[in-house]
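# Geometric and topological summary
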Amino acid sequence: MKPTNRLHLLCLSLLASLSFAHEGVELGPNGGRILEFSKNETLHGELTVKDDRFHIALLDKDMKPLALAEQKLTATTGDREAPRKLEVGRDARGFVLPSVKPGEWLILQFRNSPDEKAVTARFEYNTATCEECQSPEWICKCRPEAAKK
Ligand SMILES: [Zn+2]
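So, here is what we can say about the structure in this document. Keep in mind it's a predicted model, so treat the numbers as computed, not measured. (Residues numbered from 1 in each chain as written. Predicted model: local features only at pLDDT ≥ 70, side-chain atom pairs only at ≥ 80, totals over all residues.)

This next bit is on the overall build of the protein. In terms of regular secondary structure, the protein is built from 2 helices and 10 strands. Start at the N end of the protein and walk to the C end: the helices and strands fall as α-β-β-β-β-β-β-β-β-β-β-α. Burial analysis of the protein (149 residues in total) assigns 21% to the buried set. Taking the intrachain contacts of the protein between residues at least 6 apart in sequence as the baseline, contacts between residues at least 24 apart amount to 39%. (Helix = DSSP H or I, 4+ residues; strand = E, 2+ residues; numbered from the N terminus. Buried ≥ 20, exposed ≤ 12 C-beta atoms within 10 Å, placed from the backbone. Contact = placed C-beta atoms within 7 Å.)

Let us now look at the pairing of strand E3 (residues 53-60). Across the 8 residues that make up E3, a large majority, 6, are buried. Relative to E3, strand E2 (residues 43-50) runs antiparallel, the two sharing 8 bridges. Along E3, the bridge assignment pairs Gly45 with Leu58. Taking the residues that link successive antiparallel strands as the turn, the E2-E3 hairpin has 2 residues, and the phi of Asp51 there is positive, at about 50°. Between E3 and strand E4 (residues 65-66), which follow one another and run antiparallel, lie 4 residues, and Met63 among them has a positive phi close to 65°. (Pairing = 2+ DSSP bridges.)

Okay, here's the thing in structure tokens:
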């Protein structure tokens with residue numbers, strides 16, 4: 001095989017593994033993980049971690065901060081057989097809850113108002129370091145670059 005062909009194959013397999021590993025990672029204005037809190041991209045949560053706690057700020061369709069009012073959030077983790085509910089508090093900037101363990105999933109149910117249906121958002125708290133961008137996988141910065149292609 002010619003060296004150029006081999007390089008080409010290497011690039012293809014690298015791209016394939018990247019798009020698989022970094023599926024759906026979107027980052028917010030504060031470098032946190034964006035979670036969809038609406039069915040039409042009008043409301044997002046930005047999840048950041050500090051002192052073993054998850055902070056979730058609300059953002060509008062332009063990624064501008066939204067004030068917390070009557071929105072409600074419930075959080076669970078663990079597996080299907082043994083789901084574990086997390087206590088969700090509030091502070092001036094949004095919701096606050098205990099962080100899950102690395103490798104665990106966080107399942108969030110967000111309600112914009114009491115009479116609206118809940119929107120479910122979930123993500124894996126994958127803290128392994130991404131080789132490409134050296135960020136933890138759950139806030140991997142590779143995806144936006146790949147999406148531009
Ligand atoms: Zn990355």
